[in-house]
Amino acid sequence: MGTVGTIADLDRRFGMPGIAKVVAGNGGLPKVCITSSQAEGEMYLHGAHVTSWKPLGGEEVLFVSSRSHWGDGRAIRGGVPVCFPWFGEKADDPNAPAHGFARTKAWQLESIVQDGDAVTVSMFTESDESTKRWWAADFRLVHRATFGRELSLELLLTNTGERALRFEEALHAYYRVGHIEKVCVQGLEGVHYVDKTDRNQKKRQQGEIAIVSETDRVYLNTQEAVQLEDPVFDRRKNSIHAPPLCGTRGCRKRGPCLTWGTTNGCT
C-alpha cells in the first residue's frame, strides 16, 4: 500500500523503467508519467487527477487550461477531476467546496501495474479530520486509471464506517476537440436536463447534441451509454454509466468507467 513520501521515494517504490515514473509536475506537485507502446499519460497525486492521455499516433485527448492553478487546496482546471462526495454545490452547506473535497486533496499512490500494452495507476484517499469537517462519513476511495490504446477510469468506494452513507460522484472530463462546432454527442435522446444557461429550466433533449453555442447542462436519470464524436480528430469517446450507487458498512460500489477510441467521424 502506498504511503506519503518524497517524489524520489515514490519513484523508487513504484516506478517502472521506461514505462512509469514519478516526477515533479506543475507547481512541484508529484505526478505519474506513463509511456507505453500504446499511449502516453499523466496522473497527479493531487486529486488523483488525470491530466493527459495521448494514444499512439494520435492527438492529446484531454484539455487542461493554461490558467489552471497548481497548488495545495486548488483544483486543477481541466483533465479529469474527481468530484466526490457531492457534485456542484453541497445541498446543505453553501460554504462547502464545490464538487467536494476529493479533487483538491493529496491522494496516495497504491500501485502501478503493467498488463500487456496497458498500464494501470491506482491512487487512494481515506476519511480524516479534513474530510470530516465537511462530511462525517468513514470511507476509502480508489481511483484507477488504465492507460493504453483506450483510457479506462474507475472509482471504487468502500464504506468503512458503521452507518449507511449517501454520496454523489463524477469523473468530470474535459475534452480537447478539433472544432467545437463539429462535435456531436449521441445517446441522450429524450432525456430531461437542467439548462444552466437558461435560468436552470428543465428541458427535454431532442436528437443529438450539436454544440454550436454556450452549453452547460445537467442530464437527469441517464440510462444509456453516451458517445461523443469528433470528426476533426477522428475519434469517439464512450461513457458507460454505472448502476445507482448506495453504501452500507463494507459495501464496495464502482463508479462510471470511461473508455475512448477512434472512429471515422459522426454518424
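Residues numbered from 1 in each chain as written. Predicted model: local features only at pLDDT ≥ 70, side-chain atom pairs only at ≥ 80, totals over all residues. Heavy atoms only, no water.

Remarks on the pattern of salt bridges
For step 1, the next point in the chain: A complete count under the given rule lists 12 salt bridges for this structure.
For step 2, the next point in the chain: Notably, a salt bridge pairs aspartate 138 with lysine 132, separated by 2.6 Å at the nearest N-O pair.
For step 3, the next point in the chain: Classification of aspartate 138 by relative accessible area gives partly exposed; the value is 28%.
For step 4, the next point in the chain: In this structure, the salt-bridge partner of aspartate 195 is lysine 203, at a minimum N-O distance of 3.0 Å.
For step 5, the next point in the chain: Taking the relative accessible area as the measure of exposure, aspartate 195 reaches 6% and is therefore buried.
For step 6, the next point in the chain: Judged by relative accessible area, lysine 203 falls into the partly exposed class, the value being 25%. (Salt bridge = Lys/Arg side-chain N within 4 Å of Asp/Glu carboxyl O. Buried < 20%, exposed > 50% of the residue type's maximum accessible area, 1.4 Å probe, protein only.)

As for the packing of aromatic side chains
For step 1, the next point in the chain: Applying the stated criterion to the full structure yields nine aromatic pairs.
For step 2, the next point in the chain: Ring centres of tryptophan 86 and phenylalanine 101 lie 5.9 Å apart, and the angle between their planes is 90°; this geometry places the pair in the edge-to-face category. You can see tryptophan 86 sitting in the loop between β5 (82-83) and β6 (108-115) and its partner phenylalanine 101 sitting in the loop between β5 and β6, a full 15 residues away along the chain. In this pair, the class of tryptophan 86 matches that of phenylalanine 101, namely buried.
For step 3, the next point in the chain: Members of the aromatic cluster, joined through ring pairs, are Phe84, Trp86, Phe101, Trp135, Phe139 and Phe167.
For step 4, the next point in the chain: The cationic tip of lysine 90 hangs over the ring face of tryptophan 86; the distance from NZ or CZ to the ring centre is 5.3 Å.
For step 5, the next point in the chain: A cation over a ring is seen here: arginine 140 above phenylalanine 124, with NZ or CZ 4.3 Å from the ring centre. (Phe/Tyr/Trp six-rings, centres within 6.5 Å; stacked < 30°, edge-to-face > 60°. Helix = DSSP H or I, 4+ residues; strand = E, 2+ residues; numbered from the N terminus. Lys NZ or Arg CZ within 6 Å of the ring centre and 35° of its normal.)

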